[in-house]
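# Examination of the molecular architecture
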Amino acid sequence: MGVAYFVRGAGANWAVVRLTGRVREDIVADGLSREAAEELCFARLEELPRGAVVAGELPLDGDIAQRQRCRRPRQSTFRF
């Protein structure tokens, strides 16, 4: 299940919100300044698990699906 974090608020009252699934929102922290909310949001984003590929490594040849070769469609010609 995917997880996302974002900052919501206005003025001096900001919150960090966690999204799970399609419609579920959980407030992680509320009543923060904008800077504090952004820092907390970035910290939470860094905690999310990464994909299997380590940064700087290229995927192995076996990890990439082969492209299927498609024949180009022939254009019809009209003869009068």
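Sequence order sets the numbering: in each chain, residues are counted from 1 along the sequence as written. Two thresholds apply to this predicted model, a pLDDT of at least 70 for residue-level local features and 80 or more for giving and counting side-chain atom pairs, whereas whole-chain, interface and lining totals are computed over all residues. Side-chain descriptors were evaluated using all non-hydrogen atoms of the structure, hydrogens and water having been removed beforehand.

### Points about the sheet that holds strand 3 (residues 24-32)
Heads up, the condition is: Two strands are counted as paired when DSSP detects at least two bridges linking them. Secondary structure elements are taken from DSSP: a helix is a run of H or I of four residues or more, a strand is a run of E of two residues or more, and numbering for both begins at the N terminus. Orientation is described by axes fitted as lines to C-alpha atoms, over the contacting stretch for helices, and by angles from 0 to 180 degrees between their N-to-C directions.
The antiparallel open sheet is built from three strands, whose spatial order is 1-2-3. Across the chains shown, the open sheet's two edge strands, defined by having one partner strand only, are strand 1 (3-10) and strand 3. Averaged over all pairs of adjacent strands, the angle between strand axes in this sheet comes to 20 degrees, irrespective of strand direction.

### Some details on the environment of Arg-18
Note the cut-off: Remark: exposure states derive from per-residue accessible area (1.4 Å probe, protein chains only) relative to the maximum for the residue type, with buried under 20%, exposed over 50%, and partly exposed in between.
Mapped onto the elements, Arg-18 comes out in strand 2 (residues 13-20). Classification of Arg-18 as partly exposed rests on a relative accessible area of 30%. For Arg-18 and Arg-44, which are 26 residues apart along the polypeptide, the C-alpha to C-alpha distance reads 9.3 Å.

### Considerations on the environment of Asn-13
Where we set the bar: Only heavy atoms enter the contact rule, under which two residues are in contact if any of them lie within 4.5 Å. Pairs of N or O atoms are called polar contacts if they sit within 3.5 Å, as long as, within protein, a hydrogen donor faces a hydrogen acceptor (for residues adjacent in sequence, only side-chain-to-side-chain pairs).
For Asn-13, the position within the fold is in strand 2. By relative accessible area, which is 44% here, Asn-13 ends up partly exposed. Leave out the neighbours within four places in its chain, and Asn-13 touches Asp-30, Gly-31 and Leu-32. Only 3.2 Å separates the side chain of Asn-13 from the backbone nitrogen of Gly-31, close enough to count as a polar contact.

### What about the pairing of strand 3?
Summarising the sheet, strand 2 and strand 3 pair through six bridges and their orientation is antiparallel. In the strand pairing of strand 3, Thr-20 is matched with Arg-24. Counting the residues between successive antiparallel strands, the hairpin from strand 2 to strand 3 contains three residues, one of them, Gly-21, with a positive phi of roughly 70 degrees.

### Some thoughts on the nonpolar core
Defined as follows: Side-chain atoms within 4.5 Å are what join buried Ala, Val, Leu, Ile, Met, Phe, Trp, Tyr and Cys residues into a set we call a nonpolar core.
The biggest cluster of nonpolar side chains holds five residues, and these are Tyr-5, Trp-14, Val-16, Ala-37 and Cys-41. Secondary-structure elements contributing two or more residues to this core are strand 2 and helix 1 (34-47).

### Quick word on the pairing of strand 1
Looking at chain direction, strand 1 and strand 2 are connected through eight bridges and run antiparallel. Counterpart to Gly-9 in the pairing with strand 2 is Trp-14. Taking the residues that link successive antiparallel strands as the turn, the strand 1-strand 2 hairpin has two residues, and the phi of Gly-11 there is positive, at about 65 degrees.

### Re the pattern of salt bridges
We apply this condition: Within this document, salt bridges are pairs made up of a side-chain nitrogen of Lys or Arg and a carboxyl oxygen of Asp or Glu, the two lying within 4 Å of each other.
A full pass over the atoms with the stated rule returns three salt bridges. Here Arg-8 and Glu-25 are joined by a salt bridge, their closest N and O atoms 3.0 Å apart. Here Arg-8, found in strand 1, pairs with Glu-25, found in strand 3; they are 17 residues apart in sequence, far enough to count as distant. Here Arg-34 ties to Glu-38 by a salt bridge, and the two come within 3.2 Å at their closest N and O atoms. With Arg-34 and Glu-38 both in helix 1, this residue pair falls four residues apart, about one helical turn. Residue classification places Arg-34 among the partly exposed positions, given a relative accessible area of 45%.

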